[in-house]
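# Structural overview
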Amino acid sequence: MIPAAAHIELNMAALRHNVCRAREYAPGSKVMAVIKANAYGHCLIRIAQNLSAEVDALAVARLDEAIRLRKAGIQGRILILQGFSQIDEIEALLHYQLDVVVHSEAQVQLLESVALADSITIFLKIDTGMNRLGIRPEQFSELLSRLQLCQCVRQPMVFMTHFANADDVQDVKTVQQLTVFTKATKNYAGEKCMANSAAIIAWPDTRLDWVRPGLMLYGVSPMLKGFAKQLGLLPVMSLYSRIIAIKQVKKGETVGYGATWKADKNTCLGVVSIGYGDGYPRHAKQGTPVLIGNKRAPLIGRVSMDMLTVDLNACSGVQLGDQVLLWGDGLPVEEIATCAGTIPYTLLCGITQRVQVLVKEHLSEA
Ligand SMILES: *Cc1c(COP(=O)(O)O)cnc(C)c1O
């Protein structure tokens with residue numbers, strides 16, 4: 001098979017390495033690997049197959065993602081972070097042996113109304129300040145008592161919350177959320193689960209019975225500032241394509257849609273077969289680097305659906321067909337995200353269907 005021009009390479013050795021890093025940060029905690037949104041664009045099933053033996057549980061956002069995992073033969077614990085909103089979903093939880101987040105009184109009512117043949121493991125989520133999902137701290141003891149009376153709820157439950165600003169090491173909000181959570185749960189038996197990647201790295205007190213790393217497992221820094229390398233993480237995804245045309249443009253000529261880039265001198269230009277139709281950000285600004293061999297070339301002109309153009313003046317010797325790295329091993333996705341005015345999460349999740357997936361089992365030579 002001829003490999004597609006635009007492809008991602010997934011490095012499973014890097015993935016395993018990053019799981020070990022998460023365990024080093026939180027040695028006393030069980031690890032729940034978050035693989036929602038197609039494993040942050042990395043291919044849900046392949047990542048799950050490579051992770052399931054390495055971690056204590058997997059987490060996805062929605063029921064349908066968990067069912068896909070079960071149908072692909074993934075065993076072990078899976079948590080649904082968004083919970084359920086109908087009775088038939090509760091029945092599916094039991095059928096597929098899934099754990100679930102309970103975050104509202106409406107869900108407690110549903111659990112009180114359902115008769116099941118067996119019980120389900122529940123993560124009771126408290127809203128400690130994110131104000132998205134979760135029961136309010138002042139409702140906690142009442143709803144907990146009601147859930148303790150539900151035959152379909154396995155006891156004891158796990159208590160969880162989610163941080164709003166853990167990526168900002170200066171922000172006191174994380175400590176405030178931790179305080180609210182500790183106070184609400186202190187008189188009750190049950191495991192506790194708080195930390196996302198940023199909290200695992202920056203907020204040691206939040207590493208409780210469970211941690212829930214997402215982004216860091218893919219080898220990307222979750223922090224506001226800094227790069228994965230400084231945290232000892234290795235990128236799992238590398239996004240590649242290749243040069244499909246090389247040409248000279250003369251001083252004064254423009255390149256691409258909108259004619260947004262104008263040559264201030266004669267310029268050697270390379271056309272790369274990748275664009276926003278593959279998930280490369282259209283808003284990447286002029287000068288965003290790509291890596292060709294070990295040289296950086298700057299993006300010029302607008303990114304189009306299937307192509308983008310780079311200035312090759314500083315990269316002598318580039319030839320038709322040469323491989324181009326858009327982000328990954330050697331070019332941090334954090335840097336590209338900054339150039340595109342976004343965060344690494346959106347770039348990774350944005351990889352589209354037509355991008356071919358290649359799997360690599362070993363780390364590259366240093
Ligand atoms: C996505 C998510 C995580 C993982 O977050 P990262 O920043 O990727 O580590 C953890 N917990 C919940 C509830 C989430 O929605």
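Parameters at a glance
Per chain, the residues get numbers from 1 upward, laid out in the order the sequence is written. For this predicted model, a pLDDT threshold of at least 70 governs which residues receive local features, and a threshold of 80 or more governs which side-chain atom pairs are given and counted, while totals over whole chains, interfaces and linings are taken from all residues. Computation of side-chain values: all heavy atoms of the structure, hydrogens and water removed. Put simply, DSSP marks the helices as runs of H or I at least four residues long and the strands as runs of E at least two long, and each gets a number from the N terminus on. For every residue, the accessible area obtained with a 1.4 Å probe (protein chains only) is divided by the maximum for its type, and the residue is called buried under 20%, exposed over 50%, and partly exposed between those limits. Any two residues whose heavy atoms approach within 4.5 Å are treated as being in contact. The accessible surface values rely on the Shrake-Rupley method and a 1.4 Å probe; as for residues, cover is taken only from the protein chains in view. His residues and chain termini do not enter the charge count, which takes Lys and Arg as positive and Asp and Glu as negative. We put the charge of a Lys on NZ, of an Arg on CZ, of an Asp on CG and of a Glu on CD. The rule for pairing is simple: two strands pair if DSSP sees at least two bridges between them. Working definition: rings of Phe, Tyr and Trp (its six-membered ring) pair if their centres are within 6.5 Å, and the pair is stacked with planes under 30 degrees apart, edge-to-face with planes over 60 apart, and tilted otherwise. The nearness test applies per residue and asks whether one of its heavy atoms lies within 4 Å of the molecule or strand. Throughout this description, a polar contact denotes any pair of N or O atoms lying within 3.5 Å of each other; where both atoms belong to protein, one of them has to be capable of donating a hydrogen while the other can accept it, and for residues adjacent in sequence the pair is counted only when both atoms sit in side chains. Only protein atoms enter the 1 Å grid used here, on which a cavity is any set of points holding a 1.4 Å probe that cannot leave and a pocket is any open set flanked by protein within 12 Å on both sides along at least five of seven lines; residues with an atom within 4 Å of a point are listed as lining. Here the criterion for a molecule occupying a pocket or cavity is that more than half of its atoms lie within 2 Å of the pocket grid points. Charged residues are taken to be Asp, Glu, Lys and Arg, nonpolar residues to be Ala, Val, Leu, Ile, Met, Phe, Trp, Tyr, Cys and Pro, and polar residues to be all remaining types, Gly included. In what follows, salt bridge is the name for a side-chain nitrogen of Lys or Arg lying within 4 Å of a carboxyl oxygen of Asp or Glu.

## Quick notes on the overall build of the protein
- From N to C terminus, the protein includes 11 helices and 18 strands.
- By principal-axis analysis of the C-alpha atoms, the protein measures approximately 75 × 45 × 40 Å.
- When each of the 366 residues of the protein is scored for burial, the buried share is 53%.
- Here the contacts in the protein between residues at least 6 apart in sequence split such that 66% fall between residues at least 24 apart.
- For the protein, the accessible surface area stands at approximately 16,700 Å², while carbon and sulfur atoms represent 51% of it.
- For the protein, the distance from the average site of its 37 positive side-chain charges to the average site of its 33 negative ones is 6 Å.

## Considering the pairing of strand β15 (residues 295-300)
- Pairing geometry for strand β14 (residues 289-292) and β15, over 4 bridges, is antiparallel. What sits directly across from proline 289, in β15, is proline 298.
- Hairpin connection, β14 to β15: the antiparallel pair is bridged by 2 residues, and glycine 293 has positive phi, about 60 degrees.
- Pairing of β15 with strand β16 (residues 308-311) involves 2 bridges; the strand directions are antiparallel. In the strand pairing of β16, leucine 299 is matched with valine 310.

## Notes on unusual backbone geometry
- Glutamine 155 connects to proline 156 through a cis peptide bond whose omega is -10 degrees.
- Of note, proline 156 is situated in the loop between α7 (140-148) and β7 (158-160).
- With a phi close to 55 degrees, asparagine 38 is a non-glycine residue in the positive phi region.
- With respect to the helices and strands, the residue asparagine 38 is situated in helix α2 (residues 36-41).
- Note on asparagine 38: relative accessible area 34%, which makes it partly exposed.
- For alanine 39, which is not glycine, the phi dihedral falls at a positive 50 degrees.
- Relative to the helices and strands, alanine 39 is located in helix α2.

## A short note on the packing of aromatic side chains
- Scanning the model with the defined rule gives 6 aromatic pairs in all.
- Arranged with centres 6.1 Å apart and planes meeting at 35 degrees, the rings of tyrosine 40 and tyrosine 345 form a pair that is tilted. One end of the pair, tyrosine 40, is in helix α2; the other, tyrosine 345, is in helix α11 (residues 344-349), and 305 residues separate them in sequence.
- Look at phenylalanine 140 and tyrosine 188: their rings are 5.4 Å apart centre to centre, the planes differ by 80 degrees, and that puts the pair in the edge-to-face class. Here phenylalanine 140 is found in helix α7, whereas its partner tyrosine 188 is found in the loop between α8 (173-185) and β8 (192-193), with 48 residues between them in sequence.

## Points about the site of the ligand
- Contacts to the ligand come from Val34, Lys36, Tyr40, Leu81, His162, Asn196, Ser197, Arg212, Pro213, Gly214, Leu215 and Tyr345.
- Within the side chain of lysine 36, one N or O atom sits 2.6 Å away from an oxygen atom of the ligand.
- One of the backbone nitrogen or oxygen atoms of glycine 214 is found 2.9 Å away from an oxygen atom of the ligand.
- Taken by itself the ligand offers 390 Å² of open surface, and the protein chains cover 92% of this.
- The pocket occupied by the ligand, as judged from atoms lying within 2 Å of grid points, is the largest pocket.
- Of the residues that constitute the shell around the ligand, the class distribution is 6 nonpolar, 4 polar and 2 charged.

## With respect to the pattern of salt bridges
- Applying the stated criterion across every chain yields a total of 13 salt bridges.
- In this structure, glutamate 105 engages arginine 146 in a salt bridge whose closest nitrogen and oxygen atoms are separated by 2.9 Å. Placement of glutamate 105 in helix α6 (residues 105-113) and of arginine 146 in helix α7 is noted, with a sequence separation of 41 residues between them.
- Residue arginine 146 is classed as buried on the basis of its relative accessible area, which comes to 19%.

By themselves, these figures tell us nothing about what the structure is for.
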